[in-house]
Amino acid sequence: MKILFQPYATKRDIQELMGGARWESAAKVFSECKKLEQDPFDIRPTRVPSHLVFKVLGMDYDFTLHQYEQSVY
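Residues numbered from 1 in each chain as written. Predicted model: local features only at pLDDT ≥ 70, side-chain atom pairs only at ≥ 80, totals over all residues. Heavy atoms only, no water.

### Observations concerning the pattern of salt bridges
Then, number 1: Under the counting rule described, the total for this entry stands at 6 salt bridges.
Then, number 2: K34 is the salt-bridge partner of E37, the closest N and O atoms lying 3.5 Å from each other. With a gap of 3 residues between them, E37 and K34 both fall in helix α2 (residues 23–37), about one helical turn apart.
Then, number 3: Residue E37 is classed as buried on the basis of its relative accessible area, which comes to 17%.
Then, number 4: A salt bridge links E37 to R44; the nearest nitrogen and oxygen atoms lie 3.3 Å apart.
Then, number 5: Where salt bridges share partners, they join K34, E37, D42 and R44 into one cluster. (Salt bridge = Lys/Arg side-chain N within 4 Å of Asp/Glu carboxyl O. Helix = DSSP H or I, 4+ residues; strand = E, 2+ residues; numbered from the N terminus. Buried < 20%, exposed > 50% of the residue type's maximum accessible area, 1.4 Å probe, protein only.)

### Here's the deal with α2
Since one α-helical turn is 3.6 residues long, residues separated by three or four positions face the same way.
Then, number 1: Compared with the 21 Å implied by 1.5 Å per residue over 15 residues, the 21 Å span of α2 between its first and last C-alpha is a close match.
Then, number 2: Three or more residues of α2 are buried, namely A26, V29, F30, C33, K34 and E37. End-on, the buried residues of α2 take up no more than an arc of 145°, which puts them together on one face. Residues of α2 that are exposed and angled more than 90 degrees away from the buried face: K28 and K35. (Expected span 1.5 Å × (residues − 1). Arc of directions from axis to C-beta.)

### Details of the side chain of T64
Then, number 1: Tracing the chain through its elements places T64 in helix α4 (residues 61–72).
Then, number 2: At a separation of 2.9 Å, a polar atom in the side chain of T64 contacts the main-chain carbonyl oxygen of D60.
Then, number 3: Contacts of T64, omitting those with residues within four sequence positions, involve M1, L4, L17, F54 and M59. (Polar contact = N/O pair within 3.5 Å; in protein donor to acceptor, adjacent residues only side chain to side chain. Contact = heavy atoms within 4.5 Å.)

### Description of unusual backbone geometry
Then, number 1: Non-glycine residue Q38 carries a positive phi angle of around 50°.
Then, number 2: Note on placement: Q38 falls in the loop between α2 and β2 (48–49).
Then, number 3: A positive phi is found at D42, a non-glycine position, where the angle reads about 50°.
Then, number 4: If you trace the backbone, D42 turns up in the loop between α2 and β2.
Then, number 5: For D42, a relative accessible area of 36% translates into the label partly exposed.

Quick look at the structure:
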């Protein structure tokens, strides 16, 4: 889950975070993040801030990181 360690996420990262959800679902989350980002110049058209992904999904970053660390070690 590289999204935990990167400042920006792609649709593929979002799909992985959602447990391999359908591409359409990941695309919807991505578009909601784009709306929240409010970047008038759209500097990163294929990436959104990772913290917005967690916000849109209603997930706690620290809790997710803790679960990931427990599953790895």
